[in-house]
Amino acid sequence: MELLEGSAAIAESAIAAGCRFFAGYPMSPFTGLLENMSQKLPAAGGVCINAESEIEGVNMTLGAAAAGFRAATGSCGQGIALMQEAIAEAALNETPFVVFNMARNQQDYFQCTRGGGWGDYRTITLAPQDVTEAVEHTQLAFHLADKHRAPVIIYGDPLIAQTRVGVDIGPRDFGPLPAKDWALDGTSSGTGRSKQVWTWAMGKSTDPGPGPDRHWRAIAAKFDAIEPTEHRHAQGWCEDASTLVVAFGSAGKFVSYVVDELRAEGLPVGWFRPITLWPFPGPALEAAAATAKRVLVFELNGGQMIDDVRLNVPDRRLVRGIGGVSIGESGLGFGDLMDAPVVRERILEAMQ
Amino acid sequence: VEREVIVGGIGGQGIQLLAKTLALAATREGRFAMLAAEYGGEMRGGPSKASVVIGDEPLRALPVLPSTWSAILAHHRFTESIVDRIRPGGVVVVNDKLVDPATLRPDLTVHGIDAGKIATEVASAQAVGFVLLGFYNAVTAMVAADALAAAMAELLPPYRKQHVASNERALAAGAAAFADSAGSGDRTDAAAQVAAHEQAVA
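Since the structure is predicted, the reported quantities are computational estimates derived from the model, not experimental observations. (Residues numbered from 1 in each chain as written. Chains lettered and ligands numbered in written order. Predicted model: local features only at pLDDT ≥ 70, side-chain atom pairs only at ≥ 80, totals over all residues. Heavy atoms only, no water.)

A. A look at the packing of aromatic side chains. Scanning all chains against the criterion turns up 9 aromatic pairs over all chains. Ring centres of Phe22 of chain A and Phe100 of chain A lie 6.4 Å apart, and the angle between their planes is 45°; this geometry places the pair in the tilted category. Of the two residues, Phe22 of chain A sits in strand S2 (residues 19-24) while Phe100 of chain A sits in strand S5 (residues 98-102), which places them 78 residues apart along the sequence. Judged by its relative accessible area of 0%, Phe22 of chain A falls in the buried class. On the basis of relative accessible area, Phe100 of chain A is assigned to the buried category, the value being 0%. Linked through ring pairs, Phe22, Phe30 and Phe100 of chain A together constitute an aromatic cluster. Over the ring of Tyr257 of chain A we find Arg60 of chain B; its NZ or CZ atom is 4.1 Å from the centre of that ring. (Phe/Tyr/Trp six-rings, centres within 6.5 Å; stacked < 30°, edge-to-face > 60°. Helix = DSSP H or I, 4+ residues; strand = E, 2+ residues; numbered from the N terminus. Buried < 20%, exposed > 50% of the residue type's maximum accessible area, 1.4 Å probe, protein only. Lys NZ or Arg CZ within 6 Å of the ring centre and 35° of its normal.)

Here is the structure:
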């Protein structure tokens, strides 16, 4: 086991997963990941570029991914806001890469799950609860991106980026993937059969493509097919819970910690943690909430995931937010809400 | 069992390096460690805090500790919130020229050391964190003493390697200060004290 800061552990996990291109622009708490990539990727035969802006970083990543390489970019939510056009393009022209949102807080739920680009697309989003899970998710993200030919987001936070833990990192096998026969790897240049990665899929006069209507319908159908198959979640004590607490990412870890304690004290509480934010594990939440008389949502934002919770529980009138906006003094991290005693108090208050 | 320590002081006292050294020493012993750091932008004088958790099994602890088994207080500034989180009877090591032990809760097991004076005598004022760490580890037997020295040497960047020997002296002087206060240089005495303390807490 090595004692690694989350940013270093994620960088090593990405390299172990075969990531060979990384481009981004520093912004705390993402900076540590970029720094680690710049130190470690060249030694693995890869390329890391400190781009001139987030927009360049994501488009460089799109280019490397279109050439068939496992590639990634990242920022925090503020910088990923700038990347939305390229992420939408990549979703629509089917270029797989990974976007690390080493966020400052939980205010990017809508950004991750709804996106800010144009067109009918979704981004698979994995929200790890801690460094250990982030290492695992990093490997899974590259696999899912290649499997579905789509950008995949890892939604981290300052606790995940900056906490040091003992971790083991090695390549993980998630099963076989289709060959990247679509990649612009230069092998068909000058043959008259050169390939295209193009959002509008018009093709060439000598080799017409399906065009936007057929292409975008196929993309929409692809995301429809991903939705029921790729959702992931974790849960505890739900079978007979009269109060269910839903939370994602680090907040999910804090909630499960507190709920485990409350259960030990005999209170009928359960916890539910979406691991994929899109696809949202709706059917699993619906089942977990079967006995719940109240469903509490603890998220460190003004109320974003609560929309998905309301859409999926048997009775939306039982849903209530117990989180809120909570930003640390520096503006770069969580505020006082990300604290087990506070979570405990809010759950107990809501149960009265 | 998971053991927690929250270390607090001001930027420049070596709080972060102290915590990294302890966490790395435990990792090199094949145990599970977690280190969560919190500090301001200032290199000197700003708040500096770190939490270390060590256990023999995968850790359950949160990166923001709801409570702690022990603490090291290097400075009176910014450390009140740490004291609030120490569990009843918890072990507290204080840099006693800067933190008045009399101001702490009466239920705590407080061990004071003039770490600044000792650091200046055996190394330099900058080694105050390692004096505190050597002292703390003698009190709690968190890790083996030589594991601390090895972790410290591993953590220093190449341009700081000249400080390895003086930092080792600082760690040893901290440990010796506890042995003196306990009337014995034997580590098992410290371990026995911790065991007795745990029994008292239980």
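B. Local environment of the packing of helix H5 (residues 84-93) of chain A against helix H9 (residues 211-226) of chain A. All names here are of chain A. Two numbers describe how H5 lies on H9: the axes approach to 9 Å, and their chain directions differ by 95°. With respect to each other, H5 and H9 are oriented roughly perpendicular. Where H5 approaches H9, its residues Ala91, Leu92 and Asn93 are matched on the opposing element by His215, Ile219 and Phe223. Across the contact of H5 with H9, the residue classes break down as 4 nonpolar, 2 polar and no charged. (Axes fitted to C-alpha atoms, helices over the stretch in contact; angles between N-to-C directions. Parallel < 35°, antiparallel > 145°, perpendicular 65-115°, else oblique. Contact = heavy atoms within 4.5 Å. Nonpolar A, V, L, I, M, F, W, Y, C, P; charged D, E, K, R; others polar.)

C. Seen up close, the state of the cysteines. Counting across every chain of the model gives 0 disulfides over all chains. Cys76 of chain A takes part in no disulfide bond, and the closest cysteine sulfur, belonging to Cys112 of chain A, lies 12 Å away. (Disulfide = S-S within 2.5 Å.)

D. Representation of helix H6 (residues 164-182) of chain B. Here H6 of chain B is 19 residues long and its end C-alpha atoms lie 27 Å apart, about the 27 Å a rise of 1.5 Å per residue gives. Among the residues of H6 of chain B, those classed as buried are Val164, Ser166, Asn167, Ala170, Leu171, Ala173, Gly174, Ala177, Phe178 and Ala179 of chain B. (Expected span 1.5 Å × (residues − 1).)

E. Structural view of the sheet that holds strand S4 (residues 70-75) of chain A. Residues and elements named next belong to chain A. The 7 strands lie next to each other as S3-S2-S4-S5-S7-S6-S14, forming an open sheet whose pairing is mixed. Where the open sheet ends on each side, the last strands, each with one partner, are strand S3 (47-50) and strand S14 (276-278). Each strand of the sheet is rotated relative to its neighbour by a mean of 20°, with strand direction disregarded. The pairing of S4 with S5 spans 4 bridges and is classified as parallel. Bridge pairing links Gly74 to Phe100 in S5. Here helix H3 (residues 54-66) sits on the sheet and contacts S2, S3 and S4; the angle it forms with S4, its principal contact strand, is near 165°. (Pairing = 2+ DSSP bridges.)

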